[in-house]
Amino acid sequence: MRSSYKKEDVIWLLKDITGLVEPEPAEVRERLIQSGRHYCEMLPLEYVPGSAYMKTYEQALKHFAAPVAAAVKRLSDKIMENRGRSVVLVSLARAGTPVGILIKHCIMQKYGISVPHYSISIIRGRGIDHNAMDFLLSRYQGEQLLFVDGWIGKGAILGELKKEMEAYEGVLPELAVLADPANMTELCGTHEDILIPSSCLNSTVSGLVSRTFLRSDIIGPKDFHGAVFYGELTDSDLSENFIRTIEAEFGKDNVIEERSVEGRGIDEVKDIARRFEIQDINFIKPGIGETTRVLLRRIPWKILIREGSWNDPSLIHLIRLAEEKQVPVEYYPLRHYKACGLIRKLADT
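In this report, we go over the structure that sits alongside the text. Just so it is clear, the model here is predicted, and its values are computed rather than measured.

We now examine the overall build of the protein. Scanning the protein from N- to C-terminus turns up nine helices and 14 strands. In terms of overall dimensions, the protein is globule-like: its C-alpha atoms have a radius of gyration of 19 Å, near the 20 Å expected for 349 residues. The dimensions of the protein, computed from C-alpha atoms along their principal axes, are 50 × 50 × 40 Å. Looking at the protein as a whole, 58% of its 349 residues are labelled buried. For the protein, the share of sequence-separated contacts (at least 6 apart) that also reach a separation of at least 24 residues comes to 81%. For the protein, the accessible surface area stands at approximately 15,000 Å², while carbon and sulfur atoms represent 48% of it. Of the charged side chains in the protein, 45 are positive and 49 negative; the average position of the first set lies 1 Å away from that of the second.

Attention shifts here to the nonpolar core. In terms of nonpolar packing, the biggest core is built from 63 residues, with Tyr57, Val72, Ile79, Ile103, Leu178, Phe242 and Ile246 touching the most fellow members. Those elements that provide at least two residues to this core are α2 (51–83), α3 (96–111), β7 (145–151), β8 (175–179), α6 (239–247), α8 (288–297), β12 (300–306) and α9 (316–324). Top contributing element to this core by residue count: α2, with 15 residues. Residues within four places of isoleucine 79 in sequence aside, it is in contact with Gly84, Val87, Ile103, Ile107, Leu146, Ala176 and Leu187. Counting residues in hydrophobic clusters, the runner-up holds 39 residues, among them Leu145, Ile152, Tyr168 and Val294.

Together, Trp310, Val329 and Tyr331 make up an exposed nonpolar region whose accessible area comes to about 340 Å². Along the polypeptide, tryptophan 310 turns up in the loop between β12 and α9. Classification of tryptophan 310 as exposed rests on a relative accessible area of 63%.

Before going further, it helps to spend a moment on the sheet that holds strand β11 (residues 284–286). Strand order across the open sheet formed by four strands is β11-β14-β12-β13, with mixed pairing between neighbours. Each edge of the open sheet is held by one strand with a lone partner, namely β11 and β13 (329–332). In this sheet, neighbouring strand axes are inclined to one another by 25° on average, regardless of whether the strands run parallel or antiparallel. Of the pairings in the sheet, the one linking β12 to β13 comprises four bridges and is parallel in character. Residue pairing in the sheet places isoleucine 305 in a bridge with tyrosine 331 of β13. Against the sheet, α8 engages β11, β12 and β14 (339–343), with an angle of about 35° to β14. Helix-sheet contacts for α9 involve β12, β13 and β14, and the interaxial angle to β13 is about 140°.

The buried fraction of β12 amounts to six of the seven residues, a majority that puts the element mostly inside the structure. Two elements, β12 and β14, share five bridges in a ladder whose sense is antiparallel. Pairing of lysine 302 across the sheet is with leucine 342, part of β14. In terms of handedness, the path from β12 via α9 over to β13 forms a crossover that is right-handed.

About the cut-offs
Residues numbered from 1 in each chain as written. Predicted model: local features only at pLDDT ≥ 70, side-chain atom pairs only at ≥ 80, totals over all residues. Heavy atoms only, no water. Helix = DSSP H or I, 4+ residues; strand = E, 2+ residues; numbered from the N terminus. Rg over C-alpha atoms; globule rule 2.2 N^0.38 Å. Buried < 20%, exposed > 50% of the residue type's maximum accessible area, 1.4 Å probe, protein only. Contact = heavy atoms within 4.5 Å. Areas by Shrake-Rupley, 256 points an atom, 1.4 Å probe, with all protein chains shown as cover. Lys, Arg positive; Asp, Glu negative; His and termini not counted. Charge placed at Lys NZ, Arg CZ, Asp CG, Glu CD. Core = buried A, V, L, I, M, F, W, Y, C linked by side-chain atoms within 4.5 Å. Patch = residues over 30% accessible without salt bridge, like charges linked within 9 Å, V, L, I, M, F, W, Y side chains within 5 Å. Salt bridge = Lys/Arg side-chain N within 4 Å of Asp/Glu carboxyl O. Pairing = 2+ DSSP bridges. Axes fitted to C-alpha atoms, helices over the stretch in contact; angles between N-to-C directions. Right-handed = clockwise from strand over helix to strand, strands pointing away.

Encoded structure:
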């Protein structure tokens, strides 16, 4: 798989399907998804941000590089303490990939160890890429593999990972993340719902790689899951800039806020479902990162923002996107999360 990242930073275990899949507009995808089509069988049109939103992203990167770097450093220390020098980072494409690169760089700087880093696909409801797992296990011991992602929203991917790893003896169903507002793992940089600036954009901050794809007419039984390389967006690529900006903060004495909220995020999600009479919790996407994805890739019904956070700089990009897409914003007593995206049920429109 091609990407705009340096080859020594990540090996993508994906099939390059560039030119084989026609992207679908959000409205078309949403109707197909809600009528039963799986999201992994389609690719979304890439959102092209305007100049105002790009300024918001640049401000987010400027203000949140330090706390993100602090989370990377804390997580890297936990990884070395828990897994040791022989760890192999396996990031979950695509949001986990820049995080895996940052952890790899941080471990190299602090511990002088060059850990291997791969990126593979896992899809909610379809599982992990078993061909990619076979590839890794032909080269490493199962206990060396450590899965990496950006954040945990309500834990769907972590649940998928735990289920899938039952078939792999010795592989721990553990997920290392920068942010875990859902309170589901200690292998995290923070339990605070922090803004990870890479969540603000799509492929242009993820090596120009699409989200992963799985459909039997294109992905054969011996193939890795697929992805597209957006070479036409090279002039807009910020992937290396994001890595360098966060990495520049590694040598500084940055600290990150740590909140401790009792209970699990999934309980709060269920409360929201009851409050707004939402039957399917997959229509609820909690956390800054997931809310951003709803606004970029789905058809939002409304956005919930934590009460008292109207001037929180980590939420400015959400407010701007909601205004651009004419999505209502409601201030709500969120506990674990700073924001939550609610997807519109198209049968009701």
